[in-house]
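# Analysis of the macromolecular model
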Amino acid sequence: MDVVLDPETRSIKGTERLTWTNPDSAPVDELQFHMYLNAFKDNNSTFMKESGGAHRGNTAKDENPWGGIQISSMRIADDVGDLRPELLTSRGADLTQSMTFIQPDDGNVDDQTVFSVQLPQSVAPGETITLDITFESRLPEIVARTGWAISESGNPFIFAGQWFPKIAVLEIPGQRYVPADASKGVWNAHQFHANSEFYADFGTFDVTIRVPESFVVGASGIQVEESISDGFKTVRYKADDVHDFAWTASPDFLEFTQQWRHVSIKALIQPAHTGQAQRHIDAAIVALERYDEWIGEYPYTTLTVVDGIGGSNGMEYPTLITAGTTYGLPTWMRVLELVTIHEFGHQYFYGLMASNEFEEAWLDEGMNSYIETKILDDAYGPGSVMELGPIKIGDIQAQRLGYVKNDPSKGALFTRSWEYRMGDYSKASYSKPATVMNTLERYWGWDMQQRFLKAYYAKWRFKHPTTRDIQNVAEEISGEDLEWFFSQFVYGVAVVDYSVQSIRSTKKDDGSYSSTIRVRREQDGGFPLTLRLTYSDGTTKDLEWDGTESWRDFKLQGGSAVIEAFLDPEFKMLLDINRLNNRLVANDYADNRFARKAQLRAISLYQKLFFVFSGLF
Ligand SMILES: [Zn+2]
């Protein structure tokens, strides 16, 4: 692409030469493209209807806040190598009139975020077609991770995301959910939805961007050229093996750089936030180190962290992420670190795995949120999200509460993102999968979990894995059938809650005790768990329960009575929505009143703390 930014009209004009190779074993006579800036064209797009015109707290309030893309010309290139003899006649063919907007998801005829173009002749299997496209993109006032804004100092800020006509993914037989015996591939192109991010194919980008001389630019990939003439700055970026290309530009940016092994880290920071530049870089390194150790190598050589404005913040693009901060953010509030680490994690699950976020958002947002909790708690300790005096909030617990407190019986992870009930998308894509994966890790241990994550990355990077694929890897690595786990917590909405109902001990004539402990499964979800019993002499005993029956009596004989029963004492099962009923102290045991009082006080304090804590989220 070769593009020019006009900050006055907030438009990007340019040309795109697209080289596309048919991956199918059948000929292709139609191409499909994303035109996602058209989501911000007017109030009738599917995005605007679904979001009610608002997104992530940003509303369009400028007198002309709208955006959009127009293609003035699309033609088959006439200056590229040899074509099949029958395609030679198509050389230079004008396809502009063959472009038709389509609405594969909802039939909203006013939505112009996907188009199809019929080719005059089909592209044979393995054959390459080259198109020349001339387009103009008008950026909206910043909304949903793209657009323009005016900074506090009055300067323009540009964030170009979803900004060019981008070819969709042709899924071939055997790929993702296309049956292996299908006669040909199918285009997987979704309209831009309020509750969804993206899905695209891997490619190689070579982009030349011209901006006014005073602008500082950041972009996906590696900068290979920069020159200045006639008041303009021209930069050229190349990005290999990525599925999108985004860039940002503003005269305000201050640039900070640091090298980490093979990666050049660059932070583009707003002038008021220079005191936090190093925090951005340090958080990026915290994430790079742990991803490298736990999952696999970051294969790119650049990473740009952008301190953006408003709705551009908290987003990922290949090798470029936006974090953002506020002036004077205290170091005990690790929002900046959390966002930087989270967005970096997308380089793996969004960038390298490139799962379909429209259809299986949890594979990106959820897996990423899980690793985010691991990194935060590992790097910053039990108060990783917030640490103020005695109040410590860790990320694993914060995500668990996000799940527990938001109607846990609704919103399966495996759901198409625009079909969630209001409010379920974020739970099912972030807090619940983070909790599901933390529970799986506690179930079989960190060693197994790490083997699973490494194998998943090694096998599926650059290949668009599905939910079925991640389950297969987990089963192959562990040798365990995980259908019970996936069917309940990934495909289904099983809710886990176990309780100790009663403890009854009777003293027999010979002085020994007979104890009966009744435990119950309170909801539909089942999970194997440990029951820990404490006897009046201070000893403990662990029993295993597969957790499938709706209730069960454990009967024991011993020299002393059971005074306490605790289900899942090590808190492995983070999915258990109510921990308060997991523990019971025998109330008919009178020999040791003092101990019992202490136990009850501890439980009551725990209960109070739980509610104070959970009220924060
Ligand atoms: Zn995310």
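Residues numbered from 1 in each chain as written. Predicted model: local features only at pLDDT ≥ 70, side-chain atom pairs only at ≥ 80, totals over all residues. Heavy atoms only, no water.

## So, the coordination of the zinc ion
Note the threshold: Note on donors: an N, O or S atom is included if it sits within 2.8 Å of the metal, or within 3.2 Å for Na, K and Ca, and water is never included, so sites can look incomplete. Sites are called tetrahedral only when four donors show all angles between 85 and 135 degrees, square planar or octahedral only when four or six donors show opposite pairs over 155 degrees and all other angles between 65 and 115, and irregular in any remaining case. A helix here means a DSSP run of H or I that spans at least four residues, while a strand means a run of E at least two residues long, and both kinds are numbered starting from the N terminus. For every residue, the accessible area (1.4 Å probe, protein chains only) is compared with the maximum for its type, and the residue is labelled buried under 20%, exposed over 50%, or partly exposed between those bounds.
Every protein donor of the zinc ion is listed here as H342 (NE2), H346 (NE2), E365 (OE) and E365 (OE), and their distances to the metal cover 2.0 to 2.7 Å. Angles of 51 to 152° at the metal separate the four donor atoms of the zinc ion, which places the site in the irregular class. Read from N- to C-terminus, the donor residues coordinating the zinc ion fall into the pattern H-x3-H-x18-E. Of the two residues, H342 and H346 are both situated in helix α4 (residues 335–352); the distance of four residues between them amounts to about one turn of the helix. H346 shares its class with H342; the two are buried.

## As for the packing of helix α3 (residues 277–294) against helix α5 (residues 365–380)
A pair of packed helices is captured by two measures, namely the crossing angle of their axes and the spacing between those axes. Note the following rule: Here the axes come from fitting lines to C-alpha atoms, over the contacting stretch only for helices, and the angles between their N-to-C directions go from 0 to 180 degrees. Each angle gets one of four labels, with under 35 degrees taken as roughly parallel, over 145 as roughly antiparallel, 65 to 115 as roughly perpendicular, and the rest as oblique. Two helices crossing with the near one rotated counterclockwise from the far one by less than a right angle form a left-handed crossing, whereas a clockwise rotation gives a right-handed crossing. In this description, contact between two residues means that some pair of their heavy atoms is separated by no more than 4.5 Å. Three classes are used: nonpolar for Ala, Val, Leu, Ile, Met, Phe, Trp, Tyr, Cys and Pro, charged for Asp, Glu, Lys and Arg, and polar for all others, with Gly counted as polar.
Running from amino to carboxyl end, α3 crosses α5 at an angle of 110°, the nearest separation of the two axes being 10 Å. By the criterion of interaxial angle, the relationship of α3 to α5 is roughly perpendicular. Here the hand of the crossing between α3 and α5 comes out right-handed. Residues A283, V286, A287, R290, Y291 and W294 of α3 form the contact with α5, whose participating residues are N368, I371, K374, I375, D378, A379 and Y380. Of the residues belonging to the contact of α3 with α5, the class tally is nine nonpolar, one polar and three charged.

## Details of the packing of aromatic side chains
Here is the rule we go by: Stacked, tilted and edge-to-face are the three classes applied to pairs of Phe, Tyr and Trp rings, where Trp contributes its six-membered ring and a pair requires centres within 6.5 Å; stacked means planes under 30 degrees apart, edge-to-face means over 60, and tilted covers the rest. Here, over-ring charges are defined by two tests on the NZ atom of lysine or the CZ atom of arginine: distance to the ring centre within 6 Å, and angle to the ring normal within 35 degrees.
Taken as a whole and assessed by the stated rule, the structure comprises 39 aromatic pairs. Relative to F485, the ring of W484 lies with its centre 5.6 Å away and its plane at 80°, an arrangement referred to as edge-to-face. Pairwise contacts between aromatic rings join Y291, Y298, Y300, F344, Y348, F349 and Y457 into one cluster. The lysine or arginine in question, K374, covers the ring of W446, its NZ or CZ lying 4.2 Å from the ring centre. Above the ring of F571, the side-chain terminus of R579 is found at 3.9 Å from the ring centroid.

## Some points on the sheet that holds strand β21 (residues 263–269)
Definition in use: The criterion for strand pairing is that DSSP finds at least two bridges linking the strands in question.
Overall, mixed pairing links the five strands, which are arranged β20-β21-β22-β24-β23 in an open sheet. Because the sheet does not close on itself, it has two edges, and the strands there are β20 (254–260) and β23 (315–317). With strand direction ignored, the average angle separating the axes of adjacent strands in the sheet is 15°. Bridging between β20 and β21 involves seven bridges; their strand directions are antiparallel. Each residue of the ladder has a partner; that of Q258, found in β21, is I265. Running at roughly 30° to β20, α3 makes contact with β20, β21 and β22 (302–306) of the sheet. Its contacts with the sheet place α4 against β22, β23 and β24 (320–322), and it is angled at close to 145° to β24.

## Digging into the side chain of S431
Looking at the element boundaries, S431 is found in helix α7 (residues 424–444). Given the relative accessible area of 8%, S431 is considered buried. Non-local contacts of S431, meaning those with residues more than four positions away in its chain, are made with Q399, G402, Y403 and S426.

## Details of the pairing of strand β18 (residues 232–242)
Of the pairings in the sheet, the one linking strand β15 (residues 203–212) to β18 comprises nine bridges and is antiparallel in character. Within β18, the position partnered with G203 by the bridge is V242. The sheet contact formed by strand β17 (residues 222–229) and β18 spans seven bridges and is antiparallel. Paired with Q223 across the bridge in β18 is Y237. Where β17 hands over to β18, the hairpin turn is made up of two residues, of which D230 adopts a positive phi near 55°.

## A word on the packing of α3 against α4
Close contact between α3 and α4 brings their axes to 9 Å; oriented N to C, the two are set at 40°. Comparing their axes, α4 and α3 come out oblique. For α3 against α4, the interelement crossing comes out right-handed. In this structure, α3 contributes R279, H280, A283, A284, V286, A287, L288, Y291 and D292 to the contact, and α4 contributes L336, E337, T340, I341, F344, G345, Y348 and F349.

## Brief notes about α4
Here is the rule: Multiplying 1.5 Å by the helix residue count minus one yields the expected span of that helix. One fitted axis covers the seven residues ending at a residue, a second covers the seven starting there, and the bend at that residue is the angle between these axes.
The end-to-end C-alpha distance of α4 is 25 Å, a good match for the 26 Å that 18 residues give at a rise of 1.5 Å each. Helix geometry: α4 is bent most strongly at H346, by close to 35°. Of all 18 residues making up α4, 17 are buried, and the element is well covered by its neighbours. Positive backbone phi, at 55°, marks A354, one or two positions downstream of α4.

## A short note on the domain arrangement of the protein chain
Many structure descriptions define interface size as the accessible area lost when the parts assemble. Heads up, the condition is: Residue ranges for the domains originate in an automatic or database domain assignment. Summed over both partners, the accessible area lost on bringing two parts together, with a 1.4 Å probe, is the buried area. Here, a salt bridge means any Lys or Arg side-chain nitrogen found within 4 Å of an Asp or Glu carboxyl oxygen. N or O atoms within 3.5 Å of each other form a polar contact, as long as, within protein, one can give a hydrogen and the other can take it, and as long as residues adjacent in sequence are counted only when both atoms are side-chain atoms.
Domain assignment breaks the protein chain into domain 1 (1–194), domain 2 (227–352), domain 3 (361–489) and domain 4 (498–614). A separation of 32 Å is found between the C-alpha centroids of domain 1 and domain 3. Facing the eight residues of domain 1 at the interface are seven residues of domain 3. Summing both sides of the interface, domain 1 and domain 3 together bury roughly 720 Å²; the carbon and sulfur share of this comes to 61%. Considering only the surface of domain 1 that becomes buried against domain 3, R176, Y177 and H193 emerge as the three largest contributors, covering 59% of it. Applying the counting rule to domain 1 against domain 3 returns zero salt bridges. Remark: the boundary between domain 1 and domain 3 carries two residue pairs in polar contact (both at pLDDT 80 or more). Considered class by class, the residues forming the side of domain 1 that touches domain 3 number one nonpolar, three polar and four charged.

## Let's talk about the sheet that holds strand β16 (residues 216–219)
A sheet is described by the order of its strands in space; here four strands give the open sequence β10-β11-β19-β16, paired in antiparallel fashion. Every other strand in the sheet has two partners, leaving β10 (147–150) and β16 as the edge strands with one partner each. On average, each strand axis in the sheet is tilted by 10° relative to the strand beside it, whichever way the strands run. One ladder, built from four bridges, connects β16 with strand β19 (residues 247–250); its direction is antiparallel. Bridged to G218 within β19 is T248.

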